[in-house]
Amino acid sequence: MNVIFRCDGSKLIGMGHIERCLTLAKYIKKNYRAEITFAMRKSEIGISKVKKYFSVIKSVEKNFNYSNWMNECIYNFNAKILILDVRDGLK
């Protein structure tokens, strides 16, 4: 089972989104043997924290299209589950 977590964390928005998702991702990986990856944007502090434990699909911000990026992430990782902890409205 492949699971994608979509979250961000930075000094501006805080790291709560990252901490919650990492806790849940570790639990799912351990108890359900799932393959986990994170889809993240912009914040190097959040990305570097997640990379200690899981792979990260980082967005390319030039000509960015949120919907296309999320669809590509899901398709390329063959994700069966998408878990969101975001404030950006998915736009």
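Refer to the structure printed above.
Residues numbered from 1 in each chain as written. Predicted model: local features only at pLDDT ≥ 70, side-chain atom pairs only at ≥ 80, totals over all residues. Heavy atoms only, no water.

K.L.:
Please set out unusual backbone geometry residue by residue, giving values where relevant.
P.N.:
In this model, Arg33 sits at a positive phi of 50 degrees, which is unusual for a non-glycine residue. Residue placement: Arg33 occurs in the loop between helix H1 (16-32) and strand S2 (35-40). Its identity as a non-glycine residue notwithstanding, Lys42 has a phi of 65 degrees, on the positive side. Since its relative accessible area comes to 57%, Lys42 is described here as exposed. (Helix = DSSP H or I, 4+ residues; strand = E, 2+ residues; numbered from the N terminus. Buried < 20%, exposed > 50% of the residue type's maximum accessible area, 1.4 Å probe, protein only.)

K.L.:
Residues and numbers for helix H2 (residues 44-51), please.
P.N.:
Because each turn of an α-helix spans 3.6 residues, side chains separated by three or four positions end up pointing in the same direction. Turning to H2, its buried residues number three or more, namely Gly46, Ile47 and Val50. Axial view of H2: buried residues confined to an arc of 100 degrees, hence all on one face. Residues of H2 that are buried sit in contact with H1, S2 and strand S3 (55-58). (Arc of directions from axis to C-beta. Contact = heavy atoms within 4.5 Å.)

K.L.:
Mind laying out the pattern of salt bridges, listing which residues take part and the relevant values?
P.N.:
Following the criterion strictly, the structure yields 5 salt bridges and no others. For Glu44, the salt bridge goes to Lys58, with nearest N and O atoms at 2.3 Å. Taken together, the residues span a long stretch of sequence, with Glu44 in helix H2 and Lys58 in strand S3 at a distance of 14 residues. On the basis of relative accessible area, Lys58 is assigned to the partly exposed category, the value being 41%. (Salt bridge = Lys/Arg side-chain N within 4 Å of Asp/Glu carboxyl O.)

K.L.:
Explain the nonpolar core residue by residue, including any values.
P.N.:
Counting 16 residues, the largest nonpolar core has Phe5, Ile36, Phe38, Met40, Val50 and Phe54 as its most contacted members. Only strand S1 (2-7), H1, S2 and H2 provide two or more residues apiece to this core. Looking at this core element by element, the count peaks at 5 residues for H1. Not counting residues within four places of it along the chain, the set of residues in contact with Phe54 comprises Leu22, Ala25, Lys26, Lys29, Ile36 and Phe38. Among the nonpolar cores identified, the runner-up in size contains 7 residues, and Ile4, Ala39, Met70 and Cys73 belong to it. (Core = buried A, V, L, I, M, F, W, Y, C linked by side-chain atoms within 4.5 Å.)

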